[in-house]
Every structure is written in structure tokens, then in C-alpha cells.
Amino acid sequence: MTSIAPTPYDFAQQFRGKGYGTYDGITDPELRELPDGLNLKGLAIAFTNCSSLTSFPKNFSAGYLRLTGNTPIRTLPSDIQIGGYVTLKKLSHFEYLPEEVIYKDALTVDNCPSFYSLSSGVLGVTPDTYVQVIECPRLKEIPPADGPYRSLILEDCRNVEKLPDGLSLSSTLSITNNSRLEELPPGLKLRQLELRRCSALKTLHPTIKADKISISACPNIESLPPTWRRISDGDLRFENAHNLKSLPPNLSRVDEDLVLVNCTALKSLPAKKLEAGGRLAIRDCQLIENLPSYLKGFLSVEISGLPKVSTLPDKIAGRSGIEISSMQGLQTISAEISTQRDLSIRHCENLASICLAPDVRQNLHIDNCRNLNVLPAGLAAGGVLAIRRCGSLSLLPPGIFAQNLVVSDCASLKTLPTSLRVGNSITVQRCDSFSHLPYGIYVKGDLFLNDCPALEALPSDLIVEGHLSLTGCDGIMIPEEVIERMGDRITLPQSYEVIPAQDREPSSDDSPAP
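Worth saying up front: this structure is predicted, and the values here are computed from it rather than measured. (Residues numbered from 1 in each chain as written. Predicted model: local features only at pLDDT ≥ 70, side-chain atom pairs only at ≥ 80, totals over all residues. Heavy atoms only, no water.)

Undergrad: What should I look at first to understand the overall build of the chain in this one?
TA: Counting its regular elements, the chain contains two helices and 38 strands. Radius of gyration (C-alpha) of the chain: 35 Å, far over the 24 Å computed for a compact globule of 514 residues. On the principal axes, the C-alpha backbone points of the chain span a range of 115 × 50 × 30 Å. When burial is assessed residue by residue, the chain has 49% of its 514 residues classed as buried. The long-range share in the chain, meaning contacts at least 24 apart out of those at least 6 apart in sequence, stands at 9%. Roughly 22,200 Å² of accessible area belongs to the chain as shown, and the carbon and sulfur atoms make up 45% of that amount. Charge separation in the chain, taken as the distance between the mean sites of 50 positive and 59 negative side-chain charges, equals 8 Å. (Helix = DSSP H or I, 4+ residues; strand = E, 2+ residues; numbered from the N terminus. Rg over C-alpha atoms; globule rule 2.2 N^0.38 Å. Buried < 20%, exposed > 50% of the residue type's maximum accessible area, 1.4 Å probe, protein only. Contact = heavy atoms within 4.5 Å. Areas by Shrake-Rupley, 256 points an atom, 1.4 Å probe, with all protein chains shown as cover. Lys, Arg positive; Asp, Glu negative; His and termini not counted. Charge placed at Lys NZ, Arg CZ, Asp CG, Glu CD.)

Undergrad: I tried to follow a nonpolar patch on the surface on my own but got confused; where do I start?
TA: On the surface, Leu492, Tyr496 and Val498 cluster together into a nonpolar patch covering about 220 Å² of accessible area. Looking at the element boundaries, Val498 is found in strand β38 (residues 496-499). (Patch = residues over 30% accessible without salt bridge, like charges linked within 9 Å, V, L, I, M, F, W, Y side chains within 5 Å. Salt bridge = Lys/Arg side-chain N within 4 Å of Asp/Glu carboxyl O.)

Undergrad: What is the right way to read the packing of aromatic side chains from this model?
TA: Two numbers describe a pair of aromatic rings. These are the distance of the centres and the angle of the planes. Within this structure, the stated rule accounts for five aromatic pairs. Taking the centre distance of 4.9 Å and the plane angle of 35 degrees together, the rings of Tyr64 and Tyr85 count as tilted. Residue Tyr64 is located in strand β3 (residues 61-68), and its partner Tyr85 is located in the loop between β4 (81-82) and β5 (86-89); the two are separated by 21 residues in the primary sequence. The buried category is assigned to Tyr64, whose relative accessible area is 15%. Note on Tyr85: relative accessible area 36%, which makes it partly exposed. For the pair Phe94 and Phe115, a centre-to-centre distance of 6.2 Å together with 25 degrees between the ring planes defines the contact as stacked. Here Phe94 is found in the loop between β5 and β6 (102-103), whereas its partner Phe115 is found in the loop between β7 (106-110) and β8 (124-125), with 21 residues between them in sequence. Side by side, Phe94 and Phe115 carry an identical accessibility label, which is buried. The rings of Phe47, Phe56 and Phe60 are connected pair by pair, giving a single aromatic cluster. (Phe/Tyr/Trp six-rings, centres within 6.5 Å; stacked < 30°, edge-to-face > 60°.)

Undergrad: Looking at this structure, I do not really get the nonpolar core. What am I missing?
TA: A general tendency of soluble globular proteins is for nonpolar side chains to be buried together. Judged by nonpolar contacts, the single largest core of 149 residues is most densely connected at Phe47, Phe60, Leu163, Leu184, Ile215, Leu260 and Leu458. Contacts of Leu163, omitting those with residues within four sequence positions, involve Ile142, Leu152, Leu154, Leu173, Ile175, Leu181, Leu184 and Pro185. (Core = buried A, V, L, I, M, F, W, Y, C linked by side-chain atoms within 4.5 Å.)

Here it is in C-alpha cells:
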């Protein structure tokens, strides 16, 4: 379009017939003005890159209005009437909205760097109004409204420092990437509260209530309302929140994620059971002394870097995995632990015993627990059972079951239990004290006995269906019948001795002490 009709009526007729809610686009860098009284009610009009249009006419009306691109309008007329959405996007000159306008449906101001005011007085709204402001760095304050409205969304409005007292929203308050706002107004009753990367926010008033709550990367929050008992359909994420001292004492459920990472002032968690539908991560919170008595229903559980915690919860359940690591105060694990996936217990240097066999459907990893010397009978894993770098462990318990067993760098381990049940392969490597295998060992898969210099001899009834590797076990005595059974399925050390069948006598060391 390069010219306009001389009358409002004729101009409007150019856009009739496309139906309500369908945007008619006007892209005309030569368009300088619109006729006064232009009535486009029932139509959705989009002005894009109208670089010569500096103002709107008096008594302009439309169903929906969208202004985008290089259109140098600074404001809207005070008598404009829009029945539905108003969208102002990427307008470098747009500065403010007039006081008298009522926004009936949705108002969006997006990426307008000169924009500084939603209203010079009271923001005109209805109960259905949805206000969204995105990337408007000059905006500092949200004005009071003439009544309750549905939602207020502030994204990347870093300099907003005040919300009005008496703010009333029926649905959502969402604030993302703000560095000035220190508190929210009291008395908010919301369906959804979202606070993300609000670096200056310190206080959430005890009277604030919300059905759905999501808080993350707000490092200066000191406390949460003590009345909060459940975080419905939302999450709590506090990472590097050095001022957070406590969670609500009666908090019992978080429907999605609960993440507490490097909260250096946090001393306590709710004492009773804590449930969630998502991930639980409590990591590097140096002052926490006690955990809830019961952790249930989580998708995954990570408990790590809590040096003052000496006792785990009575029950821990995580469907997709559990990790317990770097717990220097932990000496005994007596919890009932269950997971449908993997359990990892790592870098717990003072852990001496695990009392109850955990219920692990896939892999169980016990790694770098140098003082661990007692494992429970019946220790089992549906996949891999791996025990690594546990230097004090001299015996494995009876009743072990796994598809694959891996034991490495356990300097005190001497042998394997007689009641071992492994569905596939066994690996024992770099275990300096490992001296013998018991009679009756049957390995369905491979058997790797590598770099075990103290291993003296193999039992004559050893049966390995897969490959047998003895790399680094120099000087070992191998029964002749074992070599015959293995054929080309054996990797021999550089030096070894073959024991003829008639010369071999049973050793008293073949059956380890219980």
C-alpha cells in the first residue's frame, strides 16, 4: 500500500472480509498519517516498518493492534479503543502509554528500548487483562491498576524496582532477569508465581500465597513464607543463595524439582518426610546438620557435600537414580534405599559400614570410600555392581548377586565369596592382596583377573564360559585342566606355572573364612 483512502470509511473497507482475529498487514514506509475516526472494530491490524508514521489519529479503534519494526510512534492516543490484543514490538522510539486507555485483553510491550511507563497514572485493566513487558530497560516502576487483572509478566526488565502495593492478580506473576526489585507486595494471592534470576530480591512476605510456585537463581532471598506446605506444579531452585537460612518448617512436598546448591547459610531442612515428583539435589550446603527423616517419590536424589550430616534419612527413594557423595561426616548407612535405576556412593571417606542391602534395579557403584570394611549380605544389582578404591575392604559379603561384578583398586581384598551369583562377567583388577579364588566358581561370561600380584593359584574346578584374562598376575600357578578347558580363550601372564592334574592338592585357602 502506497497511499490511503481519503475517508475513514473508504480506508476501512480495504480490510473487510478476512474475519475477526486475522491480522491485515500494513507495510508502507511512505504512510504518514491515518484519517481521524478510523474505525476498524472487528479487525486485527498490524503496522510493520511504517517509518513515516509518527502518530495515530483521534478516535482510532480496532479489534487487535500490532505495531512492529521501524515505526517511529512515541505513544498511543488517549482515546484509542482496542477490543483485544495490543502488541508493541521492536519500536525504538516508543516511550509510554497514556493513562486513559483500557486494555481489555492482552497488552505486550516487547523490546522497546525507550519505553519507560505503562501509564502516567492508573493502568486501565479488566479482570481478563494480561500484561507482558519484555526487554524494556528504562521501565522502573509498575503503576497501580484500576482493579484486579489476570497476569503480569516481566522478562528482562532489569531496572524495575517497585511493584504497586495492593497489586491484585487472579492468575500469574512472573519476573525473570531483574536486578533491582527487592521485595514483592504483601497479600498476593496467585495461581502461579514464577521468580527467576531476580538477583536483588530479598523478601517474600508471609502473606503471599500461590498454588503453583517456581523460584530459581534468586541468590539473596533470606527466607520463604513459613505457611508454605506444598509447592504445587512448581519447583524451588536455590543455587549460590548465600543468604537463605531456612525452608518453611512444614514444607512436605515439591511437585517438581527441589535444588539447594551452595546455600552457605542454610542450616536446617524440614524435619519430617519430604516428597517430590522431580529431582532432589542438596549439594555443598556446609552448615546443614540434619536431613528429613523420609525422602520419597523423587525422580532422582543427589545428596552431596554436606560435611556435618552424620545420618541419612530412614528411607530414600529415587526412581531414576540416587547419588550419595562427599559426605565426610557419614560413618554408617542404615537407610532403606531403593531406585529403579542406579545408586552411587562415592567419596565418603569416613564411611565404615553399609548395614542394609539397597534395592537397586540397575547399577550399584561404591567408589573411593577408603574406610569401608563392612557390606551387607545379599548385596545385589540388576546390572553392574562396581566396588572401586575401597582400601579397607578385605572381604565381600555372602549372597552377592549382579549381572556383572567389578572390583578394582581394593588393596585389602583377599578373595571372593563362595556364594557369589553373577549372571555375566567378573572383573578383579589392581587388588594387591587378592590371593586366591574359592572352589565352585562358575562364570557365565568373562573373568578378568588383572594386575593382582598376590594371586597364587586358580582352583582346578574353575569354569569360565567366556574369556579368562590373567594379565599382570605373574608367577601364578594354573591347573593343567583349566588351561585345557579354556583353550584359546585364555590370556596368560608373562610368567606362570602349570600344575599337572595328578600333582595338585587342595589348598586350605580355597575356602575363605566366613
